[in-house]
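# Secondary and tertiary structure notes
Residue strings, one per chain:
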Amino acid sequence: MPLVIGLTGGIASGKSTVANMLRDKNIPIVDADIVAREVVEIGTDTYKELVKEFGTEILNDDKTLNRPKLGSIIFQDETKRQKLNNIMHPSIRTSMKEKTQKFLEDGHEVVVMDIPLLFESKLTHLVDKTLLVYVTEATQLKRLMERNDLSEKEATDRIRSQMPLTEKVKLSHAVIDNNGSVTKTEQQLNDILTNWHIQ
Ligand SMILES: CC(C)(COP(=O)(O)OP(=O)(O)OC[C@H]1O[C@@H](n2cnc3c(N)ncnc32)[C@H](O)[C@@H]1O)[C@@H](O)C(=O)NCCC(=O)NCCS
Ligand SMILES: Nc1ncnc2c1ncn2[C@@H]1O[C@H](COP(=O)(O)OP(=O)(O)OP(=O)(O)O)[C@@H](O)[C@H]1O
């Protein structure tokens with residue numbers, strides 16, 4: 001029986017780090033953040049709707065999306081973020097379903113969907129198992145500020161725009177604690193895959 005795993009977490013909790021470990025095991029990953037970039041390439045319907053809603057101020061000189069600018073608008077304004085979600089999420093969802101289906105048709109037994117907003121967007125029906133990458137809020141804040149070069153306020157706004165990771169723990173089939181070393185994270189991942197009879 002093929003298995004679709006929903007890999008989730010919070011912003012900067014370590015989903016990509018775990019996704020890379022799974023990729024090294026030749027498990028295909030369908031990454032929502034990558035798909036979210038594809039659906040807003042210049043000229044797509046989603047791109048046009050975004051410009052209509054938020055104006056040309058969200059574009060760079062070469063007409064590509066100015067991601068830091070759009071991020072600074074939507075992460076400090078819940079209403080605007082909801083508008084962005086309403087414009088982008090349908091096309092992201094459609095594309096993710098198609099990509100996953102394609103991997104299954106190609107004969108892959110396990111496919112991972114990496115979806116940061118798996119619980120917030122109520123997408124759990126798309127997957128068989130949910131795997132959470134958990135960190136404390138202190139670790140999350142520190143890693144997010146460092147990785148994205150954000151102020152504490154900017155990083156906190158982003159974290160607050162998502163369901164608390166402590167809530168996601170209760171909803172997940174398995175949890176990886178990524179507060180420690182990458183090696184410890186990999187050991188936990190391997191144990192979970194063994195439990196799920198994947199390796
Ligand atoms: C606002 C955008 C342009 C900022 O781009 P940027 O390159 O700075 O960030 P990136 O795309 O790498 O996202 C980083 C993380 O932010 C968080 N995040 C992104 N969008 C949202 C959102 N609408 N609500 C809550 N958290 C979000 C996720 O944890 C994601 O992994 C971009 O995040 C985006 O297009 N967001 C809308 C699409 C979306 O909801 N993506 C989340 C996965 S479905
Ligand atoms: N166990 C760890 N120890 C130290 N640093 C880590 C660990 N895991 C991840 N990091 C670092 O924390 C940051 C966030 O990790 P990563 O990019 O994997 O998170 P993410 O959940 O995919 O983030 P996003 O959803 O925002 O794209 C990165 O800079 C990464 O190198």
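Just so you know, the residues in each chain are numbered from 1, in the order the chain's sequence is written. Chain letters and ligand numbers both follow the written order, the letters beginning at A and the numbers at 1. Predicted model: local features are reported for residues with pLDDT of at least 70 only, side-chain atom pairs are reported and counted for 80 or more only, and whole-chain, interface and lining totals are derived from all residues.

Heads up, the condition is: UniProt positions are given in the numbering used here, feature names are shortened, and annotations may be inferred rather than shown by experiment.
Under the annotation held in an unreviewed UniProt entry, the protein carries the name Dephospho-CoA kinase and is attributed to Sutcliffiella horikoshii. The record in UniProt for the protein states the following under Function (unreviewed entry): "Catalyzes the phosphorylation of the 3'-hydroxyl group of dephosphocoenzyme A to form coenzyme A." According to the UniProt record, the Subcellular location (unreviewed entry) comment for the protein reads "Cytoplasm".

## Section: the site of ligand 2
How we decide: In this analysis a residue is considered near a molecule or strand if the C-beta atom, reconstructed from its backbone, is found within 6 Å of that molecule or strand. The secondary structure listing takes helices from DSSP runs of H or I that are at least 4 residues long and strands from runs of E that are at least 2 residues long, numbered from the N terminus. Each residue is assigned to one of three groups, with Ala, Val, Leu, Ile, Met, Phe, Trp, Tyr, Cys and Pro labelled nonpolar, Asp, Glu, Lys and Arg labelled charged, and all others, Gly among them, labelled polar.
Surveying the vicinity of ligand 2 reveals 16 residues, the closest of which are Lys15, Ser16, Thr17, Arg143 and Arg147. Of all the secondary-structure elements, those providing two or more residues to the shell around ligand 2 are α1 (15-24), α6 (137-148) and α9 (182-195). Among the elements that line the shell around ligand 2, the one with the most residues is α1, at three residues. In terms of residue class, the shell around ligand 2 is built from four nonpolar, eight polar and four charged.

## A few points about the sheet that holds strand β1 (residues 3-8)
Hydrogen bonds between backbone atoms are what pair the strands of a sheet, whose relative direction is either parallel or antiparallel. As a reminder, the rule being used: Any two strands between which DSSP finds at least two bridges are classified as paired. In this analysis, axes come from line fits to C-alpha atoms, helices being fitted only over the stretch in contact, and the angle between any two N-to-C directions falls in the range 0 to 180 degrees. Contact definition: two residues whose C-beta atoms, as placed from backbone geometry, lie within 7 Å.
The strand order β2-β3-β1-β4-β5 describes an open sheet built from five strands, whose pairing is parallel. Strands with a single pairing partner mark the edges of an open sheet, and in this sheet they are β2 (29-31) and β5 (174-177). When the angles between neighbouring strand axes are averaged without regard to direction, this sheet yields 20°. For strand β4 (residues 129-134) and β5, the ladder comprises four bridges, and the chain directions are parallel. Note that in β5 the partner of leucine 131 across the bridge is alanine 174. Sitting on the sheet, α9 is in contact with β4 and β5, with an inclination near 165° to β5.

## Section: the nonpolar core
Operational definition: To define a nonpolar core, we join buried Ala, Val, Leu, Ile, Met, Phe, Trp, Tyr and Cys residues through C-beta atoms within 7 Å and take the resulting set. A residue is called partly exposed when the number of other C-beta atoms within 10 Å of its own lies between 12 and 20, exposed at 12 or fewer, and buried at 20 or more, with C-beta atoms placed from the backbone.
Within the largest apolar cluster, 38 residues are counted, with the highest numbers of intra-cluster contacts made by Val112 and Met113. Counting residues per element, the ones that place at least two in this core are β1, α1, β2, α2 (32-38), α3 (45-54), α5 (78-105), β3 (110-114) and β4. The dominant element in this core, judged by the number of residues it contributes, is α5, at five residues.

## Considering the site of ligand 1
Close to ligand 1 lie 18 residues, the nearest being Ile11, Ala32, Arg67, Gly71 and Pro116. Of all the secondary-structure elements, those providing two or more residues to the shell around ligand 1 are α2, α4 (67-74) and α5.

## Some words on the environment of isoleucine 115
Summarising the element assignment, isoleucine 115 is placed in the loop between β3 and β4. On a C-alpha basis, the gap between isoleucine 115 and glutamate 57 in space is 28 Å, while along the polypeptide they are 58 residues apart. The residues contacting isoleucine 115, other than those within four sequence positions of it, are Gly6, Thr8, Ala32 and Leu123.

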